[in-house]
Amino acid sequence: MQVTATSLRRALIATSAAFSAIGLLAELLRARLGPHPICSLLSLSFEGNLPSWYASALPLLCAALLASISASEAEDRRHWQALALGFLAISIDEAVGLHELLGGLFTTTGLLHFGWVIPASLLVLALGLAFLGFLRRLSRETARRFVLAGAVYVTGAVVFELPLGWWSEQHGDDNLTYYLLDWCEETLELAGLTLFASALLTRLTGRELRLTA
């Protein structure tokens with residue numbers, strides 16, 4: 001069976017939306033029913049469940065698409081390859097939570113309750129500067145899609161950690177507000193990854209790529 005890039009893009013958007021909607025329902029049920037196996041299975045906040053598997057698979061797909069693009073790119077091939085490695089690292093981090101280890105290096109409170117956002121912010125800034133020339137050499141539409149996807153992902157992965165950390169410090173992490181803040185964070189991450197994968201598939205569609213399944 002052949003799967004076109006267009007149909008895969010539509011499937012990704014539908015799947016991400018479904019995981020987000022089901023995750024929201026799981027958070028509302030958890031607030032009402034307390035700990036429950038179905039909430040643990042479907043909540044975007046938990047590790048080792050269906051949403052966490054999907055959150056790890058999405059950046060892995062992006063890494064594969066980037067590697068495919070880099071194989072046929074004469075210009076900026078190293079940038080495409082670096083992006084592929086970066087998204088592979090994101091996939092690994094989603095699976096094992098490496099970024100949480102960085103939090104132990106900082107003793108911070110309030111909005112910086114989760115101290116790992118400090119090195120994460122510096123890394124985002126450094127990567128943004130390093131890839132600025134690369135973005136300028138892309139077509140305007142592709143660059144716009146990449147920037148939008150990155151902004152959405154960073155808002156979820158880094159920016160939303162600030163109010164989440166503050167609320168966790170002030171009110172704990174076992175209440176509806178915390179659940180909803182966490183859901184917003186995870187949903188934005190899924191949305192950013194989906195937008196980026198969609199942008200990559202759009203680029204590949206222009207080259208009449210066909211994916212075989």
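K.L.:
What's the story with the packing of aromatic side chains in this structure? I'm lost.
P.N.:
Aromatic ring pairs: the centre-centre distance and the angle between the two ring planes describe each pair. Applying the stated rule across the entire model yields eight aromatic pairs. Consider the rings of Trp80 and Phe146, whose centres lie 6.1 Å apart with planes at 80°: the pair is edge-to-face. Of the two residues, Trp80 is situated in helix α4 (residues 77–96) and Phe146 in helix α8 (residues 140–159); the sequence distance between them amounts to 66 residues. Aromatic pair Phe131 and Phe134: ring centres 5.8 Å apart, planes at 85°, arrangement edge-to-face. Every member of this aromatic cluster is reached through a ring pair, and the members are Trp80, Phe87, Phe131, Phe134, Phe146 and Phe196. One cation-aromatic arrangement involves Arg30 over Tyr179; the distance from NZ or CZ to the ring centre is 3.7 Å.

K.L.:
Whenever I open this one, a nonpolar patch on the surface confuses me. Can you help?
P.N.:
Nonpolar side chains collect at one region of the surface, where Leu25, Leu29, Leu33, Ile38, Leu41 and Leu50 lie side by side and expose about 500 Å² of accessible area between them. Secondary-structure elements contributing two or more residues to the nonpolar patch are α1 (5–33) and α2 (37–42). No other element matches the three residues that α1 contributes to the nonpolar patch. For Ile38, the position within the fold is in helix α2.

K.L.:
I tried to follow unusual backbone geometry on my own but got confused; where do I start?
P.N.:
Trans peptide bonds make up the majority, and among non-glycine residues the majority have a negative phi. Despite not being glycine, Asp76 has its phi angle at roughly 60°, a positive value. Topologically, Asp76 is positioned in the loop between α3 (50–71) and α4. Look at Asp76 and you get buried, because its relative accessible area is 16%.

K.L.:
Please clarify how the environment of Ala143 should be interpreted in this entry.
P.N.:
On the secondary structure map, Ala143 appears in helix α8. Look past the residues within four positions of Ala143 in its chain and what remains in contact with it is Leu135 and Leu138.

K.L.:
Before we go on, may I ask you to explain the side chain of Glu94 in this structure?
P.N.:
As for its placement among the helices and strands, Glu94 is situated in helix α4. Buried charge without a partner: Glu94 forms no salt bridge, and the closest opposite charge is Arg30, 15 Å away. Excluding residues that lie within four positions of it along the chain, Glu94 makes contacts with Glu47, Ala55, Ser56, Tyr153 and Glu189.

K.L.:
Just checking my understanding: could you explain the pattern of salt bridges for this structure?
P.N.:
As enumerated under the stated definition, the model contains five salt bridges in all. Of the charged contacts in the structure, one is a salt bridge between Arg137 and Asp76, with a shortest N-O distance of 2.8 Å. Of the two residues, Arg137 is situated in helix α7 (residues 132–137) and Asp76 in the loop between α3 and α4; the sequence distance between them amounts to 61 residues. Across the salt bridge formed by Arg144 and Glu141, the nearest N and O atoms sit 2.7 Å from each other. Placement of both Arg144 and Glu141 in helix α8 is noted, with a separation of three residues, approximately one turn of the helix. In this structure Arg144 comes out as partly exposed when scored by relative accessible area, which is 46%. With relative accessibility at 38%, the residue Glu141 sits in the partly exposed group.

Scoring rules and cut-offs
Residues numbered from 1 in each chain as written. Predicted model: local features only at pLDDT ≥ 70, side-chain atom pairs only at ≥ 80, totals over all residues. Heavy atoms only, no water. Phe/Tyr/Trp six-rings, centres within 6.5 Å; stacked < 30°, edge-to-face > 60°. Helix = DSSP H or I, 4+ residues; strand = E, 2+ residues; numbered from the N terminus. Lys NZ or Arg CZ within 6 Å of the ring centre and 35° of its normal. Patch = residues over 30% accessible without salt bridge, like charges linked within 9 Å, V, L, I, M, F, W, Y side chains within 5 Å. Areas by Shrake-Rupley, 256 points an atom, 1.4 Å probe, with all protein chains shown as cover. Salt bridge = Lys/Arg side-chain N within 4 Å of Asp/Glu carboxyl O. Buried < 20%, exposed > 50% of the residue type's maximum accessible area, 1.4 Å probe, protein only. Contact = heavy atoms within 4.5 Å. Lys, Arg positive; Asp, Glu negative; His and termini not counted.

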